[in-house]
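Residue strings, one per chain:
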Amino acid sequence: HLVTDGAPCDDGDTCTLSDTCNKDLCIAKSTKKCEDGNPCTVDSCTSGKGCVAKPGNAGAECGGGSAPLACIAGKCTSFKIVAGTKWVKAKVFKMGCNAQSDGQCSANEKPAVTVAQSGFFVDKTEVTAQQYKFCVLSAKCTDAKSTGADATYNKAAKQEHPINYVTWQQASGYCATKNGRLCTEAEWELAARGALSLVYPWGNSAPNCKLAVFSGCGTGPVKADSVAAGASPWGVVHMAGNVREWV
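Read on for an overview of the structure.

About the thresholds
- Residues numbered from 1 in each chain as written.
- Predicted model: local features only at pLDDT ≥ 70, side-chain atom pairs only at ≥ 80, totals over all residues.
- Heavy atoms only, no water.
- Helix = DSSP H or I, 4+ residues; strand = E, 2+ residues; numbered from the N terminus.
- Rg over C-alpha atoms; globule rule 2.2 N^0.38 Å.
- Buried < 20%, exposed > 50% of the residue type's maximum accessible area, 1.4 Å probe, protein only.
- Contact = heavy atoms within 4.5 Å.
- Areas by Shrake-Rupley, 256 points an atom, 1.4 Å probe, with all protein chains shown as cover.
- Lys, Arg positive; Asp, Glu negative; His and termini not counted.
- Charge placed at Lys NZ, Arg CZ, Asp CG, Glu CD.
- Disulfide = S-S within 2.5 Å.
- Core = buried A, V, L, I, M, F, W, Y, C linked by side-chain atoms within 4.5 Å.
- Salt bridge = Lys/Arg side-chain N within 4 Å of Asp/Glu carboxyl O.
- Pairing = 2+ DSSP bridges.

### Observations regarding the overall build of the protein
When you go through the protein residue by residue, the secondary structure sums to 3 helices and 12 strands. Against the compact-globule benchmark of 18 Å for 247 residues, the protein has a radius of gyration of 27 Å, which places it well outside the compact range. By principal-axis analysis of the C-alpha atoms, the protein measures approximately 100 × 45 × 30 Å. Burial statistics for the protein: of 247 residues in total, 35% are counted as buried. The long-range fraction of contacts in the protein, counting pairs at least 24 apart against all pairs at least 6 apart in sequence, stands at 47%. If you sum the accessible surface of the protein, you get close to 14,900 Å²; carbon and sulfur atoms cover 54% of it. Measuring between centres, the 25 positive side-chain charges of the protein sit 9 Å from its 22 negative side-chain charges.

### Notes on the state of the cysteines
Using the criterion set out here, one finds 8 disulfides in the structure. Linked covalently through their sulfurs, Cys 62 and Cys 76 form a disulfide whose S-S length is 2.0 Å. Across the S-S bond linking Cys 62 and Cys 76, the dihedral sits near 110°, which makes this disulfide right-handed. With a gap of 14 residues between them, Cys 62 in the loop between strand E6 (50-55) and strand E7 (69-72) and Cys 76 in strand E8 (residues 75-78) connect regions that are remote in the sequence. Here Cys 62 falls in the buried class, since its relative accessible area comes to 4%. Here Cys 135 engages in a disulfide with Cys 141; their sulfurs sit 1.9 Å apart. Sign of the S-S torsion, about 65° for the bond between Cys 135 and Cys 141, identifies this disulfide as right-handed. Considered together, Cys 135 and Cys 141 belong to a single accessibility category, that of buried residues.

### Description of the nonpolar core
Grouped together as the largest cluster of nonpolar side chains are 14 residues, with contacts concentrated most on Val 88, Phe 93, Phe 120, Val 122, Leu 190 and Ala 191. Here this core takes 4 residues from helix H3 (residues 185-193), the largest share from any one element. Not counting the four nearest positions on each side in its chain, Phe 120 is found in contact with Lys 86, Trp 87, Val 88, Glu 187, Leu 190 and Ala 191.

### Things to note about the pattern of salt bridges
Inspection of every chain in the model, using the stated rule, returns 3 salt bridges. The residue Lys 223 makes a salt bridge to Glu 160 at a minimum N-O spacing of 3.7 Å. Taken together, the residues span a long stretch of sequence, with Lys 223 in the segment after H3 and Glu 160 in the loop between helix H1 (129-137) and helix H2 (168-177) at a distance of 63 residues. The salt bridge partner of Glu 189 is Arg 193, with a shortest N-O separation of 2.6 Å. Separated by 4 residues within a single helix, Glu 189 and Arg 193 lie in helix H3, roughly one turn from each other. We note that Glu 189, like Arg 193, is buried.

### Remarks on H3
The buried fraction of H3 is high, at 7 of 9 residues. Looking at H3, one finds that the buried residues are Ala 186, Glu 187, Glu 189, Leu 190, Ala 191, Ala 192 and Arg 193. Looking at the buried side of H3, the elements it contacts are strand E9 (85-88), strand E10 (91-95), strand E11 (113-117) and strand E12 (120-123). One or two residues past the end of H3 sits Gly 194, with phi positive at roughly 75°.

### A word on unusual backbone geometry
For the bond running from Lys 110 to Pro 111, omega is -5°, close enough to zero to count as cis. Along the chain, the position of Pro 111 falls in the loop between E10 and E11. Positive phi, normally seen in glycine, also occurs at Tyr 165, with a value near 60°.

### Describing the pairing of E7
Bridging between E7 and E8 involves 4 bridges; their strand directions are antiparallel. Bridge assignment links Leu 69 to a residue of E8, and that residue is Ser 78. Here E7 folds back onto E8 in antiparallel fashion, the turn holding 2 residues, of which Ala 73 has a positive phi close to 50°.

This is the structure:
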């Protein structure tokens, strides 16, 4: 029997749509797109079975609320905020120095690049000298340098100040004892500057001693949980000033 071109037909494939006749052949115009609305599955169409959803995107942030949610075994699952940390939501942001808003860009900060960063927990404060000392006493860390007027290690009056004069290896090793790690450069920038890539954690206004601890703001580092006014958009303090931080 002769069938008119353009007439509807069925090629027998459950994954094709708008099948029509063309020169005695049944031709599919499009492929069925599968989407079950679950951000934690990877959806695809399998001939003979139709749409199939498989768990995917493990660890990716999901949901739009303020509580941290991540994909686990194909489901968007909530989890508790870890004590002493802040949750930094997944964001696409500009990493590096934006010359249009910052007139002090260094060569190694340019050009700014677009980064898609997944969500993560970060400590609200810098690691204190006391916390690091406990690690040493448990034989999991090695002694930090304790000489110098601004050194905080083994100084009774500076136990709540951030540990300083530690090497990258010492800092990384301490994080490992807490089942963590140092931030990547991208994670650190997002935690410090927010999704809007601010010049400073608090915004684009010039720093002062109420917002950060730097040269001229006293005699050295201050307590790790101080200067809340200079916190980043996520509530992380001392992301500018006080002591330098490894990534």
